[in-house]
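# What the coordinates show
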Amino acid sequence: MRKLTYYIACSIDGFIGDPQGDASSMFAFLDEEFLGYLASEYPDTIPVQGREQMGLEGAGNPNFDTVVQGRASYQLALDAGITSPYGHLREFVASRTLGPSPDPNVEVIDTDLVARVRRLKAEDGELGIWLCGGSRVAGELLDEIDELVIKTYPQVYGSGLPMFGADFSVTDFSLESVRTFSNGVLVRRYARKR
């Protein structure tokens, strides 16, 4: 069974974006040390354009071969004229409103997201599935998430998009590791308690 990992950036108070979904204030923390970590540990999560800028075009995928994201996350790429932001991965977009996929590498999941993700998890393979965001998709898939990798930026938003847009439910995870950076960013990895 393949793992579903919610690998996400958030503020100290657990928001992945402001009330409109904008998280660009977090970009200020992408310094040399932190970018080096992302490039070495999670190159598969860097969009194609970022991989080109960082000289990672031929970098392998050590963690994931598949990405699942919500419509709002995908829309950021579409607004920039990019139809396959993670072309080095199989891409899935959860959306009931997008319509037909604008790219042959992108499959739109417009019904029963949970069932589709369960089928992805049941596939043979050594690499996992990256849940890229957003809030509602993470809330819908909470029971399927096996691991959390949370990049916490030293900012307080006060309000915005929570990590999980879901009804109240206690779900336990165990802390596996914490990495700290000189810019104040923390990367915490949690495993699902089952």
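I will try to describe carefully the structure that is included in this document.

Thresholds, definitions, all that
Residues numbered from 1 in each chain as written. Predicted model: local features only at pLDDT ≥ 70, side-chain atom pairs only at ≥ 80, totals over all residues. Heavy atoms only, no water. Helix = DSSP H or I, 4+ residues; strand = E, 2+ residues; numbered from the N terminus. Buried < 20%, exposed > 50% of the residue type's maximum accessible area, 1.4 Å probe, protein only. Areas by Shrake-Rupley, 256 points an atom, 1.4 Å probe, with all protein chains shown as cover. Lys, Arg positive; Asp, Glu negative; His and termini not counted. Charge placed at Lys NZ, Arg CZ, Asp CG, Glu CD. Core = buried A, V, L, I, M, F, W, Y, C linked by side-chain atoms within 4.5 Å. Contact = heavy atoms within 4.5 Å. Pairing = 2+ DSSP bridges. Axes fitted to C-alpha atoms, helices over the stretch in contact; angles between N-to-C directions. Salt bridge = Lys/Arg side-chain N within 4 Å of Asp/Glu carboxyl O. Right-handed = clockwise from strand over helix to strand, strands pointing away.

### Overview of the overall build of the protein
Summing up its helical and strand segments, the protein has 5 helices and 10 strands in all. Along the longest, intermediate and shortest principal axes, the C-alpha atoms of the protein span 40 × 40 × 35 Å. Among the 194 residues that make up the protein, the fraction classed as buried is 45%. Total accessible area on the protein is roughly 9,800 Å²; 51% of this is exposed by carbon and sulfur atoms. In the protein, 18 positive and 28 negative side-chain charges are present, and the distance between their average locations comes to 6 Å.

### Remarks on the nonpolar core
Ranked by size, the top nonpolar core spans 24 residues in total, and within it Tyr-6, Leu-113, Leu-131 and Leu-141 carry the most contacts. Only β1 (4-11), β4 (90-94), α4 (113-122), β6 (128-133), α5 (135-140) and β7 (147-153) provide two or more residues apiece to this core. Not counting the four nearest positions on each side in its chain, Leu-113 is found in contact with Val-68, Ala-94, Val-137, Glu-140 and Leu-141. If you look at the next biggest cluster of nonpolar residues, it comprises 21 residues, including Ala-9, Trp-130, Cys-132 and Val-185.

### A look at helix α1 (residues 32-41)
Those residues of α1 lying buried are Phe-34, Tyr-37, Leu-38 and Ala-39. Looking at the packing, one finds that the buried side of α1 touches β1, β7, β9 (173-180) and β10 (186-192).

### Describing unusual backbone geometry
Residues Gly-133 and Gly-134 are joined by a peptide bond in cis, for which omega reads 5°. Within the fold, Gly-134 resides in the loop between β6 and α5. Positioned with a positive phi, Asp-112 is a non-glycine residue whose angle comes to about 45°. Tracing the backbone shows Asp-112 in the loop between β5 (106-109) and α4.

### Here's the deal with the sheet that holds β6
Pairing is mixed across the open sheet formed by 8 strands, whose spatial order is β5-β4-β3-β6-β1-β7-β10-β9. Each end of this open sheet is capped by a strand with a single partner; those strands are β5 and β9. Averaged over neighbouring strand pairs, the angle between their axes works out to 20° when direction is ignored. The pairing of strand β3 (residues 64-70) with β4 spans 5 bridges and is classified as parallel. Looking at the pairing, Val-68 lines up with Phe-92 of β4. Across the face of the sheet, helix α3 (residues 71-79) comes into contact with β3, β4, β5 and β6 while running at roughly 100° to β3.

### Some details on the side chain of Ser-135
Looking at the secondary structure, you find Ser-135 in helix α5. Taking relative accessible area as the criterion, Ser-135 reaches 8% and is therefore assigned buried.

### Observations concerning the pattern of salt bridges
Close approach of charged atoms allows side chains of opposite charge to pair. Using the criterion set out here, one finds 11 salt bridges in the structure. Asp-65 is the partner of Arg-2 in a salt bridge, and the nearest nitrogen-oxygen pair spans 2.7 Å. Pair noted here: Arg-2 is in the segment before β1 and Asp-65 is in strand β3, with a separation of 63 residues, a long-range link. The closest approach of N and O atoms between Arg-118 and Glu-144, which form a salt bridge, is 2.8 Å. Placement of Arg-118 in helix α4 and of Glu-144 in the loop between α5 and β7 is noted, with a sequence separation of 26 residues between them. The network of salt bridges with common partners includes Arg-118, Lys-121, Glu-144, Asp-146 and Arg-194.

### Quick notes on the pairing of β4
Among the 5 residues in β4, 4 count as buried, and that is most of the element. Note on the crossover from β3 through α3 to β4: the handedness is right-handed. The pairing of β4 with β5 spans 4 bridges and is classified as parallel. The partner of Ala-94 across the bridge, within β5, is Ile-109.

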